[in-house]
Amino acid sequence: MIHNLNSVHLLLVAAAGACIHLSVREVRRRYISIWRLFAPAMFALFVGAVLSLLQLGESRPPAPWLFAAALGGGFALGTVRGMTIGIRHDMYRPQVNLTHKSKLMLVWVAIVVGVAVAVECVGAFFGSADLETPRLGAALVAMLCGGAMLGRALLLTLRLYRGDRVSA
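For the structure given in this document, a descriptive report is provided here. Quick caveat, the model's predicted, so the values are computed rather than measured. (Residues numbered from 1 in each chain as written. Predicted model: local features only at pLDDT ≥ 70, side-chain atom pairs only at ≥ 80, totals over all residues. Heavy atoms only, no water.)

### Describing the overall build of the protein chain
Link 1 in the chain: Across its full length, the protein chain carries five helices and two strands.
Link 2 in the chain: Starting at the N terminus and walking to the C terminus, you meet the elements of the protein chain as α-α-α-β-β-α-α.
Link 3 in the chain: Long-range contacts, defined as pairs at least 24 residues apart, comprise 78% of the intrachain contacts of the protein chain with a sequence gap of at least 6. (Helix = DSSP H or I, 4+ residues; strand = E, 2+ residues; numbered from the N terminus. Contact = heavy atoms within 4.5 Å.)

Here it is in structure tokens:
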């Protein structure tokens, strides 16, 4: 344990790195698979859940409904985003049509999850009471991003599945 950092923070850094890595890999691909849609979202949700649990374990925990609201708001944003993404089916697999800006949006959301982990690690390292509010904000942002990634992945999966059933 270095200052207030422990193995949980190491897990958070690894999960945020995996989220960023898988998001970059997803936007580079032309064809899409279901696990590639859900993998970055699961890592982002893991980060959001752990950061939320760390905040709820504090001496003065925030209201739990804040985290539920952030998750629900992110899920709503992700589903709206998933509806606006174009899908085209060729003879082999479905293709997701994204502009370059849209592809970078997923990577930016993953980077925001990484920044939230960095804020938590810095706040835990210094252990100052002044950093409690940024740590709470980082947990809420991580939950928002995780919900957005999950909503996007779920809606795209439903649209891909429905498209395969219609074309068959």
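### Details of the side chain of Glu120
Link 1 in the chain: Examined against the element boundaries, Glu120 turns out to sit in helix 4 (residues 100–126).
Link 2 in the chain: Within the structure, the side chain of Glu120 is placed 2.8 Å from the side chain of Arg135, a separation counted as a polar contact. (Polar contact = N/O pair within 3.5 Å; in protein donor to acceptor, adjacent residues only side chain to side chain.)

### What to know about the layout of surface pockets
Taking a probe equal in size to a water molecule and rolling it over the atoms shows the remaining empty space.
Link 1 in the chain: Computed from the structure, the largest pocket encloses a volume of approximately 210 Å³.
Link 2 in the chain: In terms of lining residues, the largest pocket is bounded by 14 residues, among which Arg81, Met105, Val109, Ala148 and Arg152 are the most central.
Link 3 in the chain: Element by element, the count of residues in the lining of the largest pocket is highest for helix 5 (residues 132–167), at five residues.
Link 4 in the chain: Each residue belonging to the lining of the largest pocket can be placed in one class, and the counts come to 10 nonpolar, two polar and two charged. (1 Å grid on protein atoms, 1.4 Å probe; cavity = no way out; pocket = protein on both sides within 12 Å on 5 of 7 lines; lining within 4 Å. Points joined across faces, edges and corners; volume = space filled by probe spheres on them. Nonpolar A, V, L, I, M, F, W, Y, C, P; charged D, E, K, R; others polar.)

### So, a nonpolar patch on the surface
Link 1 in the chain: On the surface, a nonpolar cluster with roughly 240 Å² of combined accessible area is contributed by Phe75, Leu154 and Leu158.
Link 2 in the chain: Counting through the fold element by element, Leu158 comes out in helix 5. (Patch = residues over 30% accessible without salt bridge, like charges linked within 9 Å, V, L, I, M, F, W, Y side chains within 5 Å. Areas by Shrake-Rupley, 256 points an atom, 1.4 Å probe, with all protein chains shown as cover. Salt bridge = Lys/Arg side-chain N within 4 Å of Asp/Glu carboxyl O.)

### Topic: helix 3 (residues 64–84)
Link 1 in the chain: Given a rise of 1.5 Å per residue, 21 residues ought to cover 30 Å, and the 31 Å separating the end C-alpha atoms of helix 3 matches this to within 8%.
Link 2 in the chain: When helix 3 is considered as a whole, its buried residues turn out to be Phe67, Ala70, Gly74, Gly78, Thr79 and Gly82. All buried residues of helix 3 project into a common sector of 165 degrees when viewed along the axis, lining one side. The exposed set on the far side of helix 3, more than 90 degrees from its buried face, consists of Trp65, Leu77, Met83 and Thr84. (Expected span 1.5 Å × (residues − 1). Buried < 20%, exposed > 50% of the residue type's maximum accessible area, 1.4 Å probe, protein only. Arc of directions from axis to C-beta.)

### As for the side chain of Arg36
Link 1 in the chain: Position of Arg36 relative to the elements: it lies in helix 2 (residues 34–56).
Link 2 in the chain: Lacking a salt bridge, the buried Arg36 has Glu26 as its closest oppositely charged neighbour, with an N-O distance of 8.0 Å.
Link 3 in the chain: Dropping the residues within four chain positions of it, Arg36 is found in contact with Arg25, Glu26 and Arg29. (Lys, Arg positive; Asp, Glu negative; His and termini not counted.)

### Some details on the packing of helix 1 (residues 7–28) against helix 2
Link 1 in the chain: Where helix 1 contacts helix 2, the two axes come as close as 9 Å, and the packing angle between them is 155 degrees. By the angle between their axes, helix 1 is roughly antiparallel relative to helix 2. The two elements helix 1 and helix 2 meet at a crossing, and its hand is left-handed. Where helix 1 approaches helix 2, its residues Val8, His9, Leu11, Leu12, Ala15, Ala16, Ala18, Cys19, Leu22, Ser23, Arg25 and Glu26 are matched on the opposing element by Trp35, Arg36, Leu37, Ala39, Pro40, Phe43, Ala44, Phe46, Val47, Val50, Leu51 and Leu54. (Axes fitted to C-alpha atoms, helices over the stretch in contact; angles between N-to-C directions. Parallel < 35°, antiparallel > 145°, perpendicular 65-115°, else oblique. Left-handed = near helix turned anticlockwise from the far one by under 90°.)

### Some thoughts on the packing of aromatic side chains
Link 1 in the chain: According to the stated counting rule, one finds one aromatic pair in the structure shown.
Link 2 in the chain: When the ring of Phe125 is compared with that of Phe126, the centres are 5.1 Å apart and the planes differ by 85 degrees; the resulting orientation is edge-to-face.
Link 3 in the chain: On the basis of relative accessible area, Phe125 is assigned to the partly exposed category, the value being 29%. (Phe/Tyr/Trp six-rings, centres within 6.5 Å; stacked < 30°, edge-to-face > 60°.)

### Overview of the pattern of salt bridges
Link 1 in the chain: Summed over the entire model, instances satisfying the criterion amount to four salt bridges.
Link 2 in the chain: Between Glu58 and Arg135 there is a salt bridge, with its nearest N and O atoms 3.7 Å apart. Pair noted here: Glu58 is in the loop between helix 2 and helix 3 and Arg135 is in helix 5, with a separation of 77 residues, a long-range link.
Link 3 in the chain: Overall, the relative accessible area of 8% leaves Arg135 in the buried class.

### Digging into the nonpolar core
Proteins that are soluble and globular tend to have nonpolar side chains buried together.
Link 1 in the chain: Within the largest apolar cluster, 28 residues are counted, with the highest numbers of intra-cluster contacts made by Leu12, Val47, Leu51, Val117 and Met149.
Link 2 in the chain: Residue assignment for this core shows that the elements contributing at least two residues are helix 1, helix 2, helix 3, helix 4 and helix 5.
Link 3 in the chain: It is helix 4 that contributes the most residues to this core, eight residues altogether.
Link 4 in the chain: In this structure, Leu12 is in contact with Val47, Val50, Leu51, Leu54, Val117 and Glu120, ignoring residues within four places of it in sequence.
Link 5 in the chain: Residues Leu37, Ile85, Ala153 and Leu160 belong to the second largest nonpolar core, which totals five residues. (Core = buried A, V, L, I, M, F, W, Y, C linked by side-chain atoms within 4.5 Å.)

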